[in-house]
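Tertiary structure, described
Here's the letter readout for the chains.
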Amino acid sequence: MSDKIGVYVCECGPNIADKVDIKKILAEISALNEPPEKIIIAKKHKLLCSKEGQDFLADEITKNELTHLVIAACSPRDHDITFMNVCKKTDLNPYLYKLVNIREHCAWIIPDKDEATEKAIQYIRAGISRVTYQAPLTEKELDSIPDVLVIGAGIAGIEASLSLAGENRKVYLVEKTSSIGGKVTRFEKILPHQGTNLDIIQEKIQAVQENENIKVFTETEVEKAIGFFGNFEIILKNIHNEEQKNDFKVGAVVVATGFDLTDPEKIPRYGYGKIEDIYTSMEIEESNSKTGKILLKSGKPPKSAALIHCVGREEKGYCSRVCCNYMFKIAQYLKEKIPAIKITEFYQDLCLPNKADQEFFIDTKNKGVDFIRFKDIAVRQKDKEKFIEYTKMDGKKEKISAEMIILAPAIEPAEGSKDIAELLNISLDETGFFQEAHQKLNPVATSIDGVYIIGSAQNPKDISDSIIDAQAVGGKILTQLIPGVKLVPEVTVSEISDAFCTGCQTCLSVCSYGAIYFDEDRNISIVNEAICRGCGNCVASCPSGAAHAKHFTSAQIYQEVLEAIR
Amino acid sequence: MNNSDILVIGAGVAGIEASLLLADTGKKVYLVEKASLTGGNVIKYEDVFSNMECSTCMIAPKQQEVLQSENIELLTLSTVEKVQGEIGDFTVTINKKARYVSLIDCIGCGMCYEPCPVSLKNEFEQNLSEKKAIYVPCPGSLPNVPAIDPEHCLQLNGKKTCNACVEACAFGAINLSDKDEKIEIKVGAIIVASGFDIIDPAGFPQYGYGKYPNVYTAMEAERLYASNGPTEGEITLRKGDAPPKSIAIIQCVGREQQGYCSSVCCMYSLKLAHYLKHKLPDAKIYNFHSDWCMPGKYYQKFHQDVKEEGVDFIYSPVAKIKVEGNDKSLSIEYYNGKNEKEKLSADMVILSLAMMQGKDTASLSKLLGIEQDTKGFFMNQAIQLGSVDTSKPGIFLAGCAEGPKDIQGSITQAEAAVGKVMSYLS
Ligand SMILES: Cc1cc2nc3c(=O)[nH]c(=O)nc-3n(C[C@H](O)[C@H](O)[C@H](O)COP(=O)(O)OP(=O)(O)OC[C@H]3O[C@@H](n4cnc5c(N)ncnc54)[C@H](O)[C@@H]3O)c2cc1C
Ligand SMILES: Cc1cc2nc3c(=O)[nH]c(=O)nc-3n(C[C@H](O)[C@H](O)[C@H](O)COP(=O)(O)OP(=O)(O)OC[C@H]3O[C@@H](n4cnc5c(N)ncnc54)[C@H](O)[C@@H]3O)c2cc1C
Ligand code: SF4
Ligand code: SF4
Ligand code: SF4
Ligand code: SF4
Ligand code: SF4
């Protein structure tokens, strides 16, 4: 069959018409006509993107039974989608069309009309050359499973489960410890927002337990998770009984594995683990919520306490965001229980990013807590007395003694985050937290479609922000994984030709999405089209030329470039 | 009666994110934006901290998607006038101002600006440049279609007869008899994403804004640095021929008065310092700060990087800083870490001003029937446990309308609001 290529030049009002010689373009392009193999129809139009222009194009495609379409107009950024949609209304496959930009690339930047015209002709010829090497591509539809796996039953995982579970959607909530709730169940109070206690948390925990669409697995870990958005196969294993396994399928996975505190023993200058009555913030929270008391090892209430902020901040290279606030909370606990106590908070910066935080700080200060900004700090013991030796901002060295010392160790990603990352093929960033798909625009997604990260597993976060994250993942999954609605994966993906692949597996190592798997029996690599994003890494790295990116094949690019530089 | 259409108020990053997610499900979204363009404040910045990604490149694809989405009806130059009803069944009246230029016929060629005889201050450019009565706020505005300011257009305000723009337009896109419209829509839920404003520097005379020409707000500095801004990215002074040789950035202006930390100004001040070091490598840059607020995991690293670029950081209580001088040079009096009074001089001063509730917050809260908090922002219902709910079921908050936050936080909240809408309406 012969190619019948329609070439349509847009005047774009005066924008293109005044700056290039369209008549000349049409004449030269028409001269490329080589019937019967290659028939070229070249025409112009005043404004192809207008409704009238689009109807004209659709009519031309059908009437002339075009096999290929080339449009010479503006930037693909403006109207690629517009013209692909025109094709979709006709019998012409939208991947057999090519938009050539003669406005931004020629008319608008080249003052000399002849020169602009020449360049436009060259570009259009390149477009014609490319389009004949293009192949029709069709969208595929995949069935999807609406159910979701949530890993980690802290406040983030709990809220996510509640947002997601429903009549048509089951949630599997997996927790490695024996109970759900995470760190927040260890606190007596949740601050800075006054008047809250753990009732709301308990209500949420209960709601999870009573929800018949949420299946909770405690003392359980994920052993295997393979698949892609809409279709992951999951195997769970019981931590104490390796034999006890559960397997099921889900459409999405939410990682909510939370945080741990850095071990202050690793930073010897704080004396933790060596000197008596030095505690971490979490130890104080725990004993306080269990016994309602904060006491020295001797069983006596402390007469003085020093609260040291930012323990491990420098080492970690980031601020943990919640410790300033919870240290105020701990100071308030102490003041409530031991009104006569002398409290000094040693801080580096006060990080108060929420709109209510500053008030809470002022309130704490007004309760009689002293605040000292330090440059350097160390804890020393001398004759059973503990001293905090510090350098102030003006360089002066001072020291005070305190009976109790409370440290705010940096928040770090939960132990085992690395294993989870490997299991799901997602990345950790330079701070060790899970890496988001985009720092600004896509913070709860990851580089793998259908795998999400929420709560303090992504960044140190307070409870409010962890909950917002959980609701955000609700927003993502409820809009993108709808029961009964099929998923349409990207069509311009890579493919590997069986015949050329030598099985070297270079491509597996460069694919950031884990889209390529190796078929041991046939000794070839295969692209999973549901996962591939068409980035082309494998294409560039394959030593055998076996990998191709659909719609960006070497032949297509070569033919285009060949004409463009002729 | 359960209506599943949604109204989103404000087309900043938060409103855009919410609209796109909802539109993906086939729901109809009315996106109501007061300005003539989408993108909110973020499009004013050249780059965003801390990855220093080009701001336009980052959000233009999303703005474009809004324009191309079949399910989003974008109403620019529009505000909400009346809201009645309740969750699942709100009736909303929208006041849509005439644009005088057709969003369908205009191709954004810009031929109509030149002939317009009227010049006026361009507020989008922080009044650092002028625009015509027919204008787009800046190159790259989306939708890339001008609007006519009816108060200043000679034909429309009746001062003279003029038809210059209409004649210049080859596409017949301008219609001077366009009229304001009242549109009534029915929706099941509302997302309020009306953003923030910056506190007025006139309230802080000690820093000399308005008195000395070379004192700038951070937003002005953003536009000065922007390649699509009034100077095309050249750092120039209001008074003076040469670029500044020394620049002082003063953080936390207005924090004490507002009673909260704005949570992004430390970071954007670092960004400004980094910008300036980049364009004016030999300039001396001073940064007056109080405690650093750097709550993101990548933020402290950025602080470290900027420090290494050679910016002078001075910890000093902002309340005791004073800016004095004249048209040409400025002197900054401050207290150093030893609580001693010191002075230094600078050619340019930049004030990092507190973020505050958007100008329309009070009126919107009244007509939506939702509460404001003690700081003036919209109040979220269960602040103790993180929430995008307002005091009224079916109305949700997203972005800086709820309180100061960075882009990441605004986006997350928008997605959370969508999560809420989806669980209510599906
Ligand atoms: C001392 C202290 C006091 C604080 N006080 C406050 C306060 O007053 N107000 C406030 O807003 N915030 C406070 N915070 C912060 C608060 O703790 C966090 O915001 C919150 O716990 C984050 O919840 P999360 O669900 O992300 O993580 P987590 O609470 O850490 O929960 C994660 C859950 O995942 C489980 N898990 C981990 N790995 C796996 C795995 N591989 N498989 C299965 N399960 C796994 C864990 O066992 C845990 O149950 C405080 C923090 C500290 C350290
Ligand atoms: C100088 C400066 C620099 C910054 N730099 C960064 C940075 O580099 N990185 C970063 O992460 N964050 C930065 N931020 C913060 C960032 O600007 C905000 O996080 C972001 O703009 C919030 O988006 P939003 O959609 O909530 O609000 P906005 O951007 O304020 O958008 C709100 C929209 O609503 C519209 N609107 C208002 N009222 C109405 C009404 N009544 N009816 C209809 N529409 C209405 C407005 O016109 C606007 O389009 C910076 C802030 C400042 C002040
Ligand atoms: S939140 Fe406060 S205590 Fe914690 S690391 Fe940041 S500045 Fe230090
Ligand atoms: S790099 Fe090429 S040859 Fe090697 S496994 Fe991949 S496709 Fe096959
Ligand atoms: S009609 Fe109005 S907008 Fe148009 S050119 Fe005249 S003054 Fe300018
Ligand atoms: S109104 Fe007309 S002249 Fe003005 S930008 Fe639009 S198309 Fe061009
Ligand atoms: S973010 Fe920084 S500059 Fe802004 S108010 Fe808070 S501490 Fe001050």
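Note that the structure is a prediction, hence the values are computed from the model and not measured.

So, how was this worked out
- Residues numbered from 1 in each chain as written.
- Chains lettered and ligands numbered in written order.
- Predicted model: local features only at pLDDT ≥ 70, side-chain atom pairs only at ≥ 80, totals over all residues.
- Heavy atoms only, no water.
- Helix = DSSP H or I, 4+ residues; strand = E, 2+ residues; numbered from the N terminus.
- Rg over C-alpha atoms; globule rule 2.2 N^0.38 Å.
- Buried < 20%, exposed > 50% of the residue type's maximum accessible area, 1.4 Å probe, protein only.
- Contact = heavy atoms within 4.5 Å.
- Areas by Shrake-Rupley, 256 points an atom, 1.4 Å probe, with all protein chains shown as cover.
- Lys, Arg positive; Asp, Glu negative; His and termini not counted.
- Charge placed at Lys NZ, Arg CZ, Asp CG, Glu CD.
- Near = heavy atom within 4 Å.
- Polar contact = N/O pair within 3.5 Å; in protein donor to acceptor, adjacent residues only side chain to side chain.
- Nonpolar A, V, L, I, M, F, W, Y, C, P; charged D, E, K, R; others polar.
- Domains from an automatic or database assignment.
- Pairing = 2+ DSSP bridges.
- Axes fitted to C-alpha atoms, helices over the stretch in contact; angles between N-to-C directions.
- Salt bridge = Lys/Arg side-chain N within 4 Å of Asp/Glu carboxyl O.
- Buried area = accessible area lost by both parts, 1.4 Å probe.
- Right-handed = clockwise from strand over helix to strand, strands pointing away.

Our next topic: the overall build of chain A. The helix and strand tally for chain A stands at 17 helices and 25 strands. Relative to the compact-globule value of 24 Å for 566 residues, chain A shows a C-alpha radius of gyration of 32 Å, a clear excess of over 25%. Taking the principal axes of its C-alpha atoms as reference, chain A extends roughly 100 × 60 × 45 Å. Looking at chain A as a whole, 56% of its 566 residues are labelled buried. Restricting to contacts in chain A with at least 6 residues of sequence separation, those with at least 24 account for 67%. Of the roughly 24,900 Å² of accessible surface on chain A, 49% is carried by carbon and sulfur atoms. One finds the centroid of the 69 positive side-chain charges in chain A at a distance of 5 Å from the centroid of its 83 negative side-chain charges.

It is worth spelling out the site of ligand 2 at this point. Neighbouring ligand 2 are 35 residues, the closest being Glu33(B), Tyr45(B), Lys271(B), Asp360(B) and Lys405(B). At the site occupied by ligand 2, the surrounding residues belong to chains A and B. The side chain of Lys440(A) places a nitrogen or oxygen atom 2.8 Å from an oxygen atom of ligand 2. In the environment of ligand 2, an oxygen atom lies 3.2 Å from a nitrogen or oxygen atom belonging to the backbone of Val13(B). Protein burial of ligand 2: of its 1,000 Å² of free accessible surface, 96% is covered by the chains. Secondary structure elements with two or more residues in the shell around ligand 2: helix H1 (13–24), strand S3 (47–48), strand S14 (196–198), helix H5 (218–225), helix H7 (265–279) and helix H10 (407–425) of chain B. Of the residues in the shell around ligand 2, the class split is 17 nonpolar, 9 polar and 9 charged. Here the shell around ligand 2 gathers at least three residues from each of two domains, domain 1 (6–97 + 180–195 + 358–425) and domain 2 (200–355) of chain B.

All names here are of chain A. In space, the 5 strands of this open sheet follow the order S7-S6-S5-S11-S21, with parallel pairing throughout. In the strand order of this sheet, the two ends are held by strand S7 (214–217) and strand S21 (451–453), each with one partner. Each strand of the sheet is rotated relative to its neighbour by a mean of 20°, with strand direction disregarded. Here strand S5 (residues 148–151) runs beside strand S11 (residues 252–255); their pairing, made up of 4 bridges, is parallel.

Bringing the pattern of salt bridges into the picture now. Residue and element names in this part refer to chain A. By the definition in use, this model includes 60 salt bridges over all chains. Between Arg373 and Asp349 there is a salt bridge, with its nearest N and O atoms 2.9 Å apart. Here the residue Arg373 occupies a position in strand S16 (residues 370–382), and Asp349 occupies one in the loop between strand S15 (342–347) and helix H12 (357–366), the gap between them amounting to 24 residues. Classification of Arg373 as buried rests on a relative accessible area of 10%.

Turning to the environment of Ser512(A), a few remarks are in order. Residues and elements named next belong to chain A. Residue position: Ser512 is located in the loop between helix H15 (506–510) and strand S23 (516–519). Given a relative accessible area of 40%, Ser512 falls into the partly exposed group. With sequence-adjacent residues up to four places away left out, Ser512 is seen in contact with Ser447, Ile448 and Asn537.

Here we come to the site of ligand 3. All names here are of chain A. His309, Cys310, Arg313, Cys319, Ser320, Arg321, Val322, Cys323, Cys324, Asp349 and Cys351 make up every residue found near ligand 3. Elements supplying a minimum of two residues to the shell around ligand 3: strand S14 (304–311) and helix H11 (323–337). Grouping the amino acids of the shell around ligand 3 by side-chain chemistry returns 6 nonpolar, 2 polar and 3 charged.

A separate point is the side chain of Arg373(A). Looking at Arg373(A), its side chain comes within polar contact range of the main-chain oxygen of Gln348(A), at 2.7 Å. At 2.9 Å, the side chain of Arg373(A) and the side chain of Asp349(A) are in polar contact. Ignoring sequence-local partners within four residues, the contact set of Arg373(A) consists of Tyr347(A), Gln348(A), Asp349(A), Lys392(A), Met393(A), His289(B), Asp291(B) and Tyr315(B).

For the rest of this paragraph, the subject is the domain arrangement of chain A. All names here are of chain A. The assigned domain composition of chain A is domain 1 (3–137), domain 2 (148–258 + 414–480), domain 3 (264–410) and domain 4 (494–550). Taken residue by residue, the interface counts 6 residues in domain 2 and 7 residues in domain 4. When the two sides are added together, the surface that domain 2 and domain 4 hide from each other amounts to roughly 480 Å², 48% of it contributed by carbon and sulfur. On the domain 2 side of the contact with domain 4, Phe228, Asn425 and Ser447 bury the most area, a combined 66% of that side's loss.

Looking now at unusual backbone geometry. With an omega of 5°, the peptide bond between Pro35(A) and Pro36(A) qualifies as cis. The topology assignment puts Pro36(A) in the loop between helix H2 (22–30) and strand S2 (38–45). In this structure, Ser50(B) follows Phe49(B) across a cis peptide bond, with omega equal to -10°. Examined against the element boundaries, Ser50(B) turns out to sit in the loop between S3 and strand S4 (53–54). Phi angles above zero are rare outside glycine, and Asp277(A) is one such case at about 60°. With respect to the helices and strands, Asp277(A) occurs in the loop between strand S12 (259–261) and strand S13 (278–280). On the basis of relative accessibility, which here comes to 10%, the residue Asp277(A) falls in the buried class. A positive phi angle, near 65°, is found at Arg321(A), a position not held by glycine. Here Arg321(A) shows up in the loop between helix H10 (313–316) and H11. On the accessibility criterion, Arg321(A) (7% relative accessible area) is buried.

It is worth spelling out the pairing of strand S17 (residues 284–289) of chain B at this point. All names here are of chain B. Burial within S17 is extensive, with 5 of its 6 residues counted as buried. Sheet analysis places strand S16 (residues 246–253) next to S17, joined by 5 bridges and oriented parallel. Each residue of the ladder has a partner; that of Ile247, found in S17, is Ile285. Inspection of the sheet shows S17 paired to strand S18 (residues 312–315) by 4 bridges, in the parallel sense. Bridge pairing in S18 places Phe288 opposite Ile314. A crossover connection joins S17 to the parallel S18 through helix H8 (residues 299–308); in handedness this β-α-β unit is right-handed.

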